[in-house]
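# Observations on the model geometry
Each chain, letter by letter, is given below.
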Amino acid sequence: MAQSLSLLSFLLLFSYYSTLTMGAYNVLNYGAEPDGQTDSAKAFLSAWADACGSGSPATMYVPAGNFFVSQAVFQGPCKSSEIKMYIDGTVVASSSYDGEAAWLMFKYVDGLSIFGGTIDGQGRAFWACKTAGRSCPSSTTSLTIAKSNNILISGLSTVNSKGFHISIFGSNGVTVQGTKITAPGNSPNTDGIHIQMSSDVTVTSSSIKTGDDCISIGEGANNVWIEKINCGPGHGISIGSLGDTPSESGVQNITVTSVVFTGTQNGLRIKTWGKPYSGFVKDVKFEHAVMQNVQNPIIVDQNYCPGDVNCPDQSSGIKISGLAYTDIQGTSATQLAVKFDCSSSNPCSGITMQDIKLTYQNQNAQSYCKNAGGSTSGFIIPPSCL
Ligand SMILES: *[C@@H]1O[C@H](CO)[C@@H](O)[C@H](O)[C@H]1NC(C)=O
């Protein structure tokens, strides 16, 4: 029995590796060089073109080694509706910066799974430009999923992006799991995962350490499920900023559950500009969060107006309703642990809180409410101001 089992697993392993090395579209066969210097963009795109053009399930393979890819847009629509990309190696970006919006992008693709791999955005020189306050080109997102459906990203590591690590835009049915995102806590605007104009997006079992939001949710995000995330350093998990421009799409049905925030600027945040443009955020569940020394564990800020330019003293046109906070516990790094600073023209409504316990050193933490209505149950520490 044991022998036949090991024979079976040998055969399975053998067929797995032979798929990768023989049947797969291996970038080495298209001239990619694992030397970290030769630009392998053309080789990657040629391998992609063959996988994408295949009439049957197709596998693209990136073996071990460092592959410098200057820029690559992997475009569909594809003939194959089941493309797998296995990455054993590291894909490295240029360390110089040219203001391209996207480094690696998948666009108009339906049915793609990416397994493993590391992508290195080489952001240091670009961050230095921004930190020095020089005029720098716009930032580059490391991995963009645009206008695509049925996408799985599993076990990917992304390090040192110039701008966002991963951006999901105009897409439906995207799952990101087992991702490891790493950039220094002081690297500017290096959001971990940004989700916008997309629905049915799931992000689970991931570790995100970065210089901006671990996960940011922009306009037009619907049916988003975020679970089992370790966040920090970073700015927390944010919905927003919303309402900077007219006619934004609303944000609806967002669940954030089982997240540990460590030393982050925010925990669970909703942020809108103090501008009159209308929009909405509704049906948001924040559940089972652990806060470890978080500056603003629970915060709704509808008066975002950096530099007080073009918005001071205006009230936000974004209507926030149906926020449910359940089982949020841990420590605040500031005395104000709960802050609902809502719009005077569109007060927050339907906020529910259950089993909240946030403490601040040896003093009493506090909560603040402005234009916010709702109800509580269970224990609420600090006492509710709803
Ligand atoms: C809300 O989103 C989840 C996925 O995150 C989905 O399973 C559920 O059906 C959605 N609820 C509604 C009412 O659309």
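From a predicted model like this one, the values you see are computed outputs, not experimental measurements.

Here is what the cut-offs are and how they apply
Residues numbered from 1 in each chain as written. Predicted model: local features only at pLDDT ≥ 70, side-chain atom pairs only at ≥ 80, totals over all residues. Heavy atoms only, no water. Pairing = 2+ DSSP bridges. Helix = DSSP H or I, 4+ residues; strand = E, 2+ residues; numbered from the N terminus. Phe/Tyr/Trp six-rings, centres within 6.5 Å; stacked < 30°, edge-to-face > 60°. Buried < 20%, exposed > 50% of the residue type's maximum accessible area, 1.4 Å probe, protein only. Lys NZ or Arg CZ within 6 Å of the ring centre and 35° of its normal. Domains from an automatic or database assignment. Contact = heavy atoms within 4.5 Å. Buried area = accessible area lost by both parts, 1.4 Å probe. Near = heavy atom within 4 Å. Polar contact = N/O pair within 3.5 Å; in protein donor to acceptor, adjacent residues only side chain to side chain. Areas by Shrake-Rupley, 256 points an atom, 1.4 Å probe, with all protein chains shown as cover. Nonpolar A, V, L, I, M, F, W, Y, C, P; charged D, E, K, R; others polar. Salt bridge = Lys/Arg side-chain N within 4 Å of Asp/Glu carboxyl O.

## Notes on the pairing of strand S26 (residues 348-359)
Summarising the sheet, strand S24 (residues 317-332) and S26 pair through 9 bridges and their orientation is parallel. Each bridged residue has a counterpart across the sheet, and for Leu-323 the counterpart in S26 is Ile-351. Inspection of the sheet shows S26 paired to strand S28 (residues 372-381) by 7 bridges, in the parallel sense. Across the sheet, Lys-357 pairs through a bridge with Ile-381, a residue of S28.

## Examining the packing of aromatic side chains
Both the distance between ring centres and the angle between the ring planes are used here to describe each pair of aromatic rings. The final tally for this structure, using the stated rule, is 9 aromatic pairs. With a centroid separation of 5.6 Å and an interplanar angle of 75°, the aromatic rings of Trp-48 and Phe-106 are classed as edge-to-face. Separated by 58 residues along the polypeptide, Trp-48 in helix H2 (residues 41-53) and Phe-106 in strand S7 (residues 102-107) bring together distant segments of the chain. Of the two residues examined, Trp-48 and Phe-106, each falls in the buried class. Within the aromatic cluster, the residues linked to one another by ring pairs are Trp-48, Phe-74 and Phe-106. We note Lys-275 situated over the ring of Trp-273; from NZ or CZ to the ring centre the distance is 4.6 Å. One cation-aromatic arrangement involves Lys-282 over Phe-280; the distance from NZ or CZ to the ring centre is 5.0 Å.

## Some thoughts on the domain arrangement of the chain
Taken domain by domain, the chain consists of domain 1 (34-194) and domain 2 (213-386). The C-alpha centroid of domain 2 is placed 30 Å from the C-alpha centroid of domain 1. Taken together, the 5 residues of domain 1 in the interface contact 6 residues of domain 2. Between domain 1 and domain 2 lies a buried interface of about 450 Å² when both sides are counted; carbon and sulfur atoms form 41% of it.

## Quick word on the site of the ligand
Around the ligand, the surrounding shell consists of Asn-223, Val-224, Trp-225 and Asn-253. Here Asn-253 contributes a side-chain N or O atom positioned 2.4 Å from an oxygen atom of the ligand. Here the ligand has 360 Å² of accessible area as a free molecule, and 39% of this is covered by the chains. Ranked by the residues each element gives to the shell around the ligand, the list is headed by strand S18 (residues 222-231), at 3 residues. Broken down by class, the residue content of the shell around the ligand amounts to 2 nonpolar, 2 polar and no charged.

## Describing the pattern of salt bridges
Within the structure shown, the criterion is met by 3 salt bridges. In this structure, Arg-269 and Asp-213 form a salt bridge, with 3.0 Å as the shortest nitrogen-oxygen distance. Linking Arg-269 in strand S21 (residues 266-273) with Asp-213 in the loop between strand S16 (199-209) and strand S17 (215-217), this pair joins segments that are 56 residues apart in sequence. There is no split in this pair, since Arg-269 and Asp-213 are both buried. Among the salt bridges present, the one from Lys-275 reaches Asp-244, with a minimum N-O distance of 2.6 Å. One end of the pair, Lys-275, is in the loop between S21 and strand S22 (278-294); the other, Asp-244, is in the loop between strand S19 (237-242) and strand S20 (251-262), with 31 residues separating them in the sequence. On the basis of relative accessible area, Asp-244 is assigned to the partly exposed category, the value being 29%.

## A word on the side chain of Thr-257
Position of Thr-257 among the secondary structure elements: in strand S20. Given a relative accessible area of 5%, Thr-257 falls into the buried group. Within polar-contact distance, the side chain of Thr-257 engages the side chain of Ser-258 at 3.5 Å. With sequence-adjacent residues up to four places away left out, Thr-257 is seen in contact with Trp-225, Ile-226, Glu-227, Lys-228, Glu-287 and His-288.

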